Amino acid sequence: MRIGLIAASEERAMTGMSDLRSAIKRHGHVPCEFLVDRAGVRMGNGKVSVFASADMHGITEEKLDGALLRNIGIVKDYEQLGQRIWTLRSLEICGTYVMNNVMPWLSASDKFSTLVTLSEAGLPVPDTVSSEDFFAGYRATREFKSSVIKPLRSGLGLGVFKVDDPDVAMHIFSYFVNVNKPIYVQRFLEKKGGGDYRIIVVGDKVIGAEFRKGKTWKSNISQGGVPRKAKINGEMSELAIKATKAMGLDFAGIDMVETKDGYYILETNPTVGWSGFKSVTGVDPAEHIVSHLISKLKA
Ligand SMILES: Nc1ncnc2c1ncn2[C@@H]1O[C@H](COP(=O)(O)OP(=O)(O)O)[C@@H](O)[C@H]1O
Ligand SMILES: [Mg+2]
């Protein structure tokens, strides 16, 4: 079978790609790079077809049995986001099983959408307010005392910051509003052990977990966090599996923290990197993800 690896040109070498490529080959299938910013879709005559690239020789239609969605690049514009997302939806419409499915992937890539969906499913998330009204943000920072402000779409802990003074927050929010940025404020959580858990779920199974102890209150590896293999209990494992299901994902890296009041889910990463995870747990997520995709394709 032909299995696509979906990325944007500028992020085609993203971590995890070579592990996935090796796993696809090990299973006897063919990995094919699919660059979403170079692809296109043709519609008309009752038909939709996706082409990988249009060149002087015309249109080469892309036929992929399955595909793994890694990234859609750095999107700077609403229409560009639409172009990339609908190109991938078209792949699905043409019969390619895209893992994770495009719409759940998009939803899980957004922190606001994730927390709303998890809350709807009755899963524990931190107290959070999302709004374009800076008074709403201000009131939240007064109530929370210590707050974490985040972009709706971020990774590696970049752009995530802590504010203890509501007036400082108010001033920052007024700038956000001027550049049309929504305000996303979360109650700061005191984490047991000074870090968080990353639990990787593939299908309906936890394949492993790591604990990342932060150098600061952020525990992202890219911010100096140090990973170690973690043993998780039944409750954590159940929460991680339920969160993955609630988001409609085939696989996910669930970020969870433990506080004196219990567990909270911070994120359900639908792309999930695994270099630290692989080295401390000895588990290769690529192998599990590719096996899961192939079993879906054969079903
Ligand atoms: N509400 C919070 N309270 C305390 N720490 C937090 C909170 N939210 C996030 N963090 C810490 O900040 C880091 C980055 O936050 P996260 O929401 O995971 O964003 P990113 O997508 O950038 O990784 C995480 O490692 C987490 O431990
Ligand atoms: Mg995170």
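Cut-offs and rules
- Residues numbered from 1 in each chain as written.
- Chains lettered and ligands numbered in written order.
- Predicted model: local features only at pLDDT ≥ 70, side-chain atom pairs only at ≥ 80, totals over all residues.
- Helix = DSSP H or I, 4+ residues; strand = E, 2+ residues; numbered from the N terminus.
- Buried ≥ 20, exposed ≤ 12 C-beta atoms within 10 Å, placed from the backbone.
- Pairing = 2+ DSSP bridges.
- Axes fitted to C-alpha atoms, helices over the stretch in contact; angles between N-to-C directions.
- Contact = placed C-beta atoms within 7 Å.
- Expected span 1.5 Å × (residues − 1).
- Arc of directions from axis to C-beta.
- Near = placed C-beta within 6 Å.
- Nonpolar A, V, L, I, M, F, W, Y, C, P; charged D, E, K, R; others polar.
- Domains from an automatic or database assignment.

Observations concerning unusual backbone geometry
For residues other than glycine, phi is negative in most cases, and the peptide bonds are mostly trans. The residue after Met99, namely Asn100, is reached through a cis peptide bond having omega -5 degrees. Residue position: Asn100 is located in the loop between β7 (97-99) and α3 (102-108). In the Ramachandran plot, Lys145 falls in the positive-phi region, its phi being about 70 degrees despite a non-glycine side chain. By the element assignment, Lys145 lies in the loop between α5 (134-144) and β9 (147-149). A tally of 11 C-beta atoms within 10 Å means that Lys145 is categorised as exposed.

Here's the deal with the sheet that holds strand β16 (residues 262-269)
The strand order across the open sheet built from 5 strands is β14-β13-β12-β15-β16, with neighbouring strands paired in antiparallel fashion. Both edges of this open sheet fall to β14 (226-229) and β16, since each of them pairs with a single strand only. Within this sheet the neighbouring strands show an average axis-to-axis angle of 30 degrees, counted without direction. Note: strand β12 (residues 195-202) against strand β15 (residues 251-259), 6 bridges, orientation antiparallel. Across the sheet, Arg198 pairs through a bridge with Asp255, a residue of β15. In this fold helix α9 (residues 285-298) packs onto β12, β13 (205-213) and β15, with an angle of close to 35 degrees to the strand it touches most, β12.

Examining helix α2 (residues 78-93)
Helix length check: α2, at 16 residues, gives a terminal C-alpha distance of 22 Å against a target of 22 Å (1.5 Å per residue), a fit within 8%. Buried within α2 are the following residues: Arg84, Thr87, Leu88, Ser90 and Leu91. On an axial view of α2, the arc spanned by its buried residues comes to 150 degrees, and they lie on one face. In α2, those exposed residues whose orientation departs by more than 90 degrees from the buried face are Tyr78, Glu79 and Gly82.

Observations regarding the site of ligand 1
The environment of ligand 1 is made up of 20 residues, and the closest members are Ser154, Gly157, Leu189, Lys218 and Ser219. By residue class, the composition of the shell around ligand 1 is 9 nonpolar, 6 polar and 5 charged. Built from parts of two domains, the shell around ligand 1 gets at least three residues from each of domain 2 (128-187) and domain 3 (192-290).

Description of the sheet that holds strand β1 (residues 2-7)
Pairing is parallel in the open sheet, where 4 strands are placed in the order β2-β1-β6-β7. At either end of the open sheet lies a strand with only one pairing partner, and these are β2 (30-35) and β7. Ignoring which end each strand starts from, the neighbouring axes of this sheet average 25 degrees apart. Of the strand pairs in this sheet, β1 and β2 are connected by 6 bridges, and their pairing is parallel. Among the inter-strand pairings, Ala7 is bridged to a residue of β2, identified as Leu35.

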